[in-house]
Amino acid sequence: MTNNTKPALLALEDGTLFWGNNIGAEGETFGELVFNTGMTGYQEVLTDPSYCGQIVVMTYPEIGIYGVNPEDVESSKVQVAGFVVHRAARGVYNHRATLSFLDYLTQANIVAIEGVDTRALTRHLRTHGAQRGAISTADLDPASLIARVRESPQMAGSNLAERVQNQRISESALITSYTLHLTPPPIQNHIVLIDCGFKANMERELAARGATVTVVPYDADLETVLALKPDGVLVSNGPGDPEPLHATIALMRGLLERRMPLAGICLGHQLLGLALGGKTYKMRFGHRGANHPVRDFTTGRILITTQNHGFAVDPESLGIAWTPLEQEAGGKGQEARIGESANQREDELRITNYESRITMAERLPKEILVGESPLGFGPVEVTQLSLNDGTLEGLRLRDYPAFSVQHHPEACPGPHDASGFFEEFLALVQGDFTVEIAEGAEF
């Protein structure tokens, strides 16, 4: 809490209130309230297009200590709808910083609040689910603000990709960012990146591995993409519900039919599931932050990943005999909403598992799971599952050159366990889409 700041009110749609101080622009903002557990990377969070339409709660108690700089952005502007922190650093304690955290919020016209018990708020969201909320410095009447929150748009059914596409940072920033670390190899492949709200580091990672990248909008048609003569196509991350992106789903089906090497990251993973004829569902509170463990069934390794998603692919919709914890508790789809019994059933399952000392690692299958595309694209193999709740983290087609991951292999500032995704994708592009199970791999 600081002097010379205006009071601010954070209101949730279930009537929960948190008071604090304004640390960004004055005014008010509405969005889906979600939490991120990362200790660092707040600038990447702020500029990640996947957070469009969301008010982000940072669980780490102090945010802003190393300031911001123009090289660590993931798009051309701040994308979050609002920001919630316990304590904001006033000083700048890093030689790379060119601006303070607070000045960055103010210049970007972002409404933010400080002084909130963010861990109590996070526990509330975990129990009752991600929900609509608002931060206001103008309307400090709790009843009024709560009523307006309840009238604001829902995340489910929202096509937010159209709001964030083409948010590229400058070519000079891209070049600066990867030449600080390594010199790109000679150009070997041409990749078309489908922009559903891509993070800039996705383009950097491809360029650093000798690929030239052409970015097209999420609703580009098949003829447009094929006319670019790509060696492969990567479908990016992005915000919102995947189901309204009908044009992207149709494009991916067309690419599959032509056996174009195809991969998806995060939203792109969900879109691949839909393109195969599967279904997605809205998670209760989603996965957002660093250090999420994922088991890779093709190598036997545990990957520590960065994640940012509120929707997931339903394994059963692809004929895969696996039920994630949230679905097992009855919390599949929009019925996993505020205060409903599905939340209690999941908590009961967690308690039962704890008391019997059953871990998610022990619950995971001992062999690779395989389903079938309802639309005739052949066998669908599960390559990765979450070690937190068993949600689907990776898919691969056995008869087509296509695969996807739910997490972020391009994550900055890290971790980087999953960065081998890009080598795997470029190997796919070069004609190798077979996967050998690592010798001695244990599941």
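Structure first, text after, so check above.
Residues numbered from 1 in each chain as written. Predicted model: local features only at pLDDT ≥ 70, side-chain atom pairs only at ≥ 80, totals over all residues. Heavy atoms only, no water.

**As for a nonpolar patch on the surface**
A cluster of nonpolar side chains, Leu17, Trp19 and Leu140, forms an exposed patch at the surface whose accessible area comes to about 250 Å². Tracing the backbone shows Leu17 in strand β2 (residues 17-22). Exposure remark for Leu17: the relative accessible area of 30% places this residue in the partly exposed category. (Patch = residues over 30% accessible without salt bridge, like charges linked within 9 Å, V, L, I, M, F, W, Y side chains within 5 Å. Areas by Shrake-Rupley, 256 points an atom, 1.4 Å probe, with all protein chains shown as cover. Salt bridge = Lys/Arg side-chain N within 4 Å of Asp/Glu carboxyl O. Helix = DSSP H or I, 4+ residues; strand = E, 2+ residues; numbered from the N terminus. Buried < 20%, exposed > 50% of the residue type's maximum accessible area, 1.4 Å probe, protein only.)

**Some points on the sheet that holds strand β8 (residues 112-114)**
Pairing between the strands of a sheet is mediated by backbone hydrogen bonds and can be parallel or antiparallel. Strand order around the closed barrel formed by seven strands is β1-β2-β8-β6-β4-β3-β9, with mixed pairing between neighbours. Going across the sheet, the axis of each strand differs from the next one's by a mean of 35°, ignoring polarity. By the bridge criterion, two bridges tie β2 to β8 in an arrangement that is antiparallel. Across the sheet, residue Asn22 finds its bridge partner in β8, namely Ile113. Across the face of the sheet, helix α3 (residues 118-128) comes into contact with β1 (7-12), β2, β3 (28-36), β4 (54-58), β6 (82-85) and β9 (131-136) while running at roughly 85° to β3. Helix α4 (residues 142-150) contacts β1, β2, β3 and β9 of the sheet and is inclined by roughly 45° relative to β1. (Pairing = 2+ DSSP bridges. Axes fitted to C-alpha atoms, helices over the stretch in contact; angles between N-to-C directions. Contact = heavy atoms within 4.5 Å.)

**Re the packing of aromatic side chains**
One pass over the full model with this rule turns up eight aromatic pairs. One cation-aromatic arrangement involves Arg396 over Phe403; the distance from NZ or CZ to the ring centre is 4.8 Å. (Phe/Tyr/Trp six-rings, centres within 6.5 Å; stacked < 30°, edge-to-face > 60°. Lys NZ or Arg CZ within 6 Å of the ring centre and 35° of its normal.)

**Structural notes on the pairing of strand β19 (residues 402-405)**
Across a regular strand the side chains alternate sides, sitting on one face of the sheet and then on the other. Burial of the side chains of β19 extends over both faces: Ala402 and Ser404 are buried on one face and Phe403 and Val405 on the other. As defined by bridge partners, strand β13 (residues 262-265) adjoins β19 across four bridges and the pair is classed as parallel. Directly across from Gly264, in β19, lies its bridge partner Ser404. Bridging between strand β18 (residues 392-397) and β19 involves three bridges; their strand directions are antiparallel. In the strand pairing of β19, Leu395 is matched with Ser404.

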